[in-house]
Amino acid sequence: MAAAVRLLLRRRLSTAAAAATAPPPTPGSILNPSSPSTPLTSQQKTRLAISLLKSSPPPPPDQILSICRAAALSPETHIDRVAFSLAVSKLKSAPDTLRDLASTVLTPNHAPYAIVLFGQAGLLSDAISTFHSSPSTRSLNALLFACIISGNHAEAARIFQTFPDAHGVKPDTDTFNNIIKSFAESGTIRSFYSVFDEMCKKGVKPNATTFTNAITGFYKEERFDDVEKVIELMKKHGCGESLPVYNVRVHCLCKLGRSGEAKALVNEMLKKGTKPSWVTYGHLIHGFCREGDLDEAKRLYKEMGKKGLEGNCSLYFSLIYFLCKGGDFDTALEVYNEIAPKNWVPCFSTMKMLVNGLAGTSRMDEAKGIIEKMKEKFPAKADSWKEVEEALPQ
Ligand SMILES: *[C@@H]1O[C@H](CO)[C@@H](O)[C@H](O)[C@H]1NC(C)=O
Ligand SMILES: *[C@@H]1O[C@H](CO)[C@@H](O)[C@H](O)[C@H]1NC(C)=O
């Protein structure tokens, strides 16, 4: 199966390469064989487009555009949005092609999506002109989001203040949540209170995101009194201290290197009857690892397992990384053995650390066993693993 796909891909790639040099490239020629026996479904086309976009060396801008056109991407589906994002990331240095992509592939109906793509590419003036061509609350929210992802917070503030009146667009909860997020990310969260007043005056209902965005900003600036104030405000507006809110607070404290306080907060939460999730444990484990307290991280990891909670792969990968860094290869191997049956494998550099650590602590058989598995699993990395193997002490 894999071989068949590779063959198909190679054939398509050569067609694609030919299309890049042979004018005029007819739409569809890239992803469709000249005599299609079985036409591809739209999802297959998208998958193929993604592999072509990921190929190395990356296709030239014209070809990226042809690939997207041939796959007839539509932002309605998740996988197509993945393909779009990938195309945009490859077109950062070719703004004209990116404009072509936005104008020919996206209908005016997709203006908010085009705005976000321009933001992703750092082309804020294009995002703004797209807003002008179809102003709406959704476009406004997309524009604020575009400002945030491109790091243009001053522009976010200007747009938030002037665009709604100038273009007759009504801000909604999302609009306010976005501007509060922008404050939080740019060290200007003190502006939260006045914007929150405005929100209430306009009759726009805040939700939990409004408050967690503010809480995140106040933590980031270490304004702990304000965090308490926002929590009171939150309760007054009918948003309870739910698990997601606690998780945001735990994450913020851990990021500040205050994992002990985060743990105390979790205990307080437990007393009030809310149980932690694997996300809570993930933040705590990562926090204690970063602070060098591997014993506490391991204790929490055991506790999480006893409660029957399972994390996502990142949680385990990060724990294995820190255990290796700290020289605890036994526990790192235990954790690895727990996730291996799920086919979850940490990145090459972490696995290399683990293998070298095991070899250095007289567990050569296990080290070699892992190398064999890695070679089998990742043929593309077989040479790198061979190097690791040859460097092991004999
Ligand atoms: C708050 O409202 C916005 C806009 O409707 C929505 O995107 C967001 O998911 C909501 N947050 C929560 C926690 O429901
Ligand atoms: C795992 O969960 C954490 C916390 O919610 C998240 O930040 C991370 O991106 C997730 N990883 C993956 C691979 O989804």
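Everything numeric here is computed off the predicted structure, so don't read it as measured data.

Caption draft 1: Representation of the overall build of the chain within the structure. Looking only at helices and strands, the chain has 22 helices and zero strands in total. Principal axes of the C-alpha set define a box for the chain whose edges measure 70 × 65 × 30 Å. Within the chain, the fraction of its 394 residues that count as buried is 44%. If you take every contact in the chain between residues at least 6 apart in sequence, the share linking residues at least 24 apart comes to 59%. For the chain, the exposed area adds up to about 20100 Å²; of that, 54% sits on carbon and sulfur atoms. Averaged over its 48 positive side-chain charges, the chain has a centre that lies 4 Å from the centre of its 40 negative ones.

Caption draft 2: Quick look at the nonpolar core. Leu101, Phe192, Ile285, Leu354 and Ile370 are the most contacted members of the largest nonpolar core, which totals 114 residues. Broken down by element, this core gets its largest block of residues, seven residues, from helix α18 (residues 313–325). Both domains that furnish three or more residues to this core are identified here as domain 1 (1–18 + 43–134) and domain 2 (318–394). If sequence neighbours within four positions are ignored, isoleucine 370 has contacts with Leu333, Tyr336, Met351, Leu354, Val355 and Leu358.

Caption draft 3: Representation of the pattern of salt bridges. Inspection of the entire model under this criterion finds 26 salt bridges. Note that arginine 249 is salt-bridged to glutamate 228, the shortest N-O span being 3.7 Å. Placement of arginine 249 in helix α14 (residues 243–255) and of glutamate 228 in helix α13 (residues 224–236) is noted, with a sequence separation of 21 residues between them. Residue arginine 249 is classed as buried on the basis of its relative accessible area, which comes to 6%. One salt bridge in this structure joins lysine 375 and glutamate 372, with 3.5 Å as the shortest N-O distance.

Caption draft 4: Looking closely at the packing of aromatic side chains. Enumeration according to the criterion identifies 13 aromatic pairs in this entry. Here the aromatic rings of phenylalanine 84 and tyrosine 113 are separated by 5.5 Å at their centres, their planes lie at 65°, and the arrangement is edge-to-face. Taken together, the positions of phenylalanine 84 in helix α4 (residues 78–90) and tyrosine 113 in helix α6 (residues 111–120) put the pair 29 residues apart, joining distant regions of the chain. Since its relative accessible area comes to 0%, phenylalanine 84 is described here as buried. By relative accessible area, tyrosine 113 is classed as buried at 16%. The interplanar angle of 80° and the centroid separation of 5.1 Å between the aromatic rings of tyrosine 321 and phenylalanine 322 together place this pair among those described as edge-to-face. Exposure remark for phenylalanine 322: the relative accessible area of 17% places this residue in the buried category. Taken together, the aromatic side chains of Phe192, Tyr193, Phe196, Phe211 and Phe218 make up a single cluster linked through ring pairs. A cation over an aromatic ring shows up here: lysine 381 above the ring of phenylalanine 348, its NZ or CZ 5.0 Å from the ring centre.

Caption draft 5: Representation of the confidence of the model for the chain in the model. Averaged over every residue, the pLDDT of the chain is 91; residues scoring 70 or more account for 91%. pLDDT under 50 marks residues 1–10. Its contacts with residues more than four places away, or in other chains, come to three contacts. Here residues 17–27 scores under 50 on pLDDT; set against residues more than four positions off or in separate chains, the count is five contacts.

Caption draft 6: Fine view of α4. Relative to the 18 Å expected for 13 residues at 1.5 Å per residue, α4 spans 19 Å between its end C-alpha atoms, a close match to the ideal helical length. Looking at α4, one finds that the buried residues are Ile79, Asp80, Ala83, Phe84, Leu86, Ala87 and Val88. Where α4 is buried, its residues meet α2 (42–54), α3 (61–70), α5 (95–105) and α6.

Caption draft 7: A look at the site of ligand 1. Every residue near ligand 1 is listed here: Thr173, Asp174, Asn177, Asn207, Ala208 and Thr209. Between ligand 1 and the protein, one listed contact pairs an oxygen atom with a side-chain N or O atom of asparagine 207 at 2.3 Å. Residue threonine 209 places a side-chain N or O atom 2.7 Å away from a nitrogen atom belonging to ligand 1. When the free accessible area of ligand 1 is taken as 360 Å², the share hidden by the protein chains comes to 42%. Counting only elements with at least two residues in the shell around ligand 1, the list comes to α10 (173–185) and α12 (208–220). At three residues, α10 tops the list of elements feeding residues into the shell around ligand 1. Residues belonging to the shell around ligand 1 are distributed by class as follows: one nonpolar, four polar and one charged.

Caption draft 8: Fine view of the site of ligand 2. The immediate surroundings of ligand 2 are formed by Trp278, Asn312, Cys313 and Ser314. Separating an oxygen atom of ligand 2 from a side-chain N or O atom of asparagine 312 is a distance of 2.5 Å. In this structure, a nitrogen atom belonging to ligand 2 sits 2.7 Å away from a side-chain N or O atom of serine 314. For ligand 2, the accessible surface in isolation is 360 Å², of which the surrounding protein chains cover 38%. Across the shell around ligand 2, the residue classes break down as two nonpolar, two polar and no charged.

Here is what the cut-offs are and how they apply
- Each chain has its residues counted from 1, running along the sequence as written.
- Key to labels: chains lettered from A, ligands numbered from 1, both in the order written.
- In view of the model being predicted, local features appear only for residues whose pLDDT reaches at least 70, and side-chain atom pairs are presented and counted only at 80 or more, with totals across whole chains, interfaces and linings using the full set of residues.
- To obtain the side-chain values, all non-hydrogen atoms of the structure were included, while hydrogens and water were left out.
- A run of H or I in DSSP becomes a helix once it reaches four residues, and a run of E becomes a strand once it reaches two; helices and strands are each numbered from the N terminus.
- Each residue is placed in one exposure class: buried if its accessible area under a 1.4 Å probe, protein chains only, is under 20% of its type's maximum, exposed if it is over 50%, and partly exposed if it falls in between.
- Any two residues whose heavy atoms approach within 4.5 Å at even a single point are treated as in contact.
- In these tables, accessible area is a Shrake-Rupley quantity obtained with a 1.4 Å probe, and a residue counts as shielded only by the protein chains included in the view.
- Positive charges come from Lys and Arg, negative ones from Asp and Glu, while His and the chain ends are left out of the count.
- Every charge is mapped to an atom, namely NZ of Lys, CZ of Arg, CG of Asp or CD of Glu.
- We define the nonpolar core as a collection of buried residues of types Ala, Val, Leu, Ile, Met, Phe, Trp, Tyr and Cys that are connected through side-chain atoms lying within 4.5 Å of one another.
- The domain boundaries here were taken from an automatic or database domain assignment.
- Criterion for a salt bridge: a side-chain nitrogen of Lys or Arg within 4 Å of a carboxyl oxygen of Asp or Glu.
- Working definition: rings of Phe, Tyr and Trp (its six-membered ring) pair if their centres are within 6.5 Å, and the pair is stacked with planes under 30 degrees apart, edge-to-face with planes over 60 apart, and tilted otherwise.
- Here, a charge over a ring means that NZ of Lys or CZ of Arg falls within 6 Å of the ring centre while also lying within 35 degrees of the ring normal.
- Confidence scores per residue from the predictor, reported as pLDDT, run from 0 to 100.
- Under the convention used throughout, the expected extent of a helix is 1.5 Å for every residue step, that is, one less than its residue count.
- Any residue with a heavy atom positioned within 4 Å of a molecule or strand is treated as near that molecule or strand.
- Between N or O atoms, a polar contact is any pair within 3.5 Å; within protein, one atom must be a potential hydrogen donor and the other a potential acceptor, and residues adjacent in sequence are included only when both atoms are from side chains.
- Put simply, Ala, Val, Leu, Ile, Met, Phe, Trp, Tyr, Cys and Pro go in the nonpolar bin, Asp, Glu, Lys and Arg in the charged bin, and everything else, Gly too, in the polar bin.

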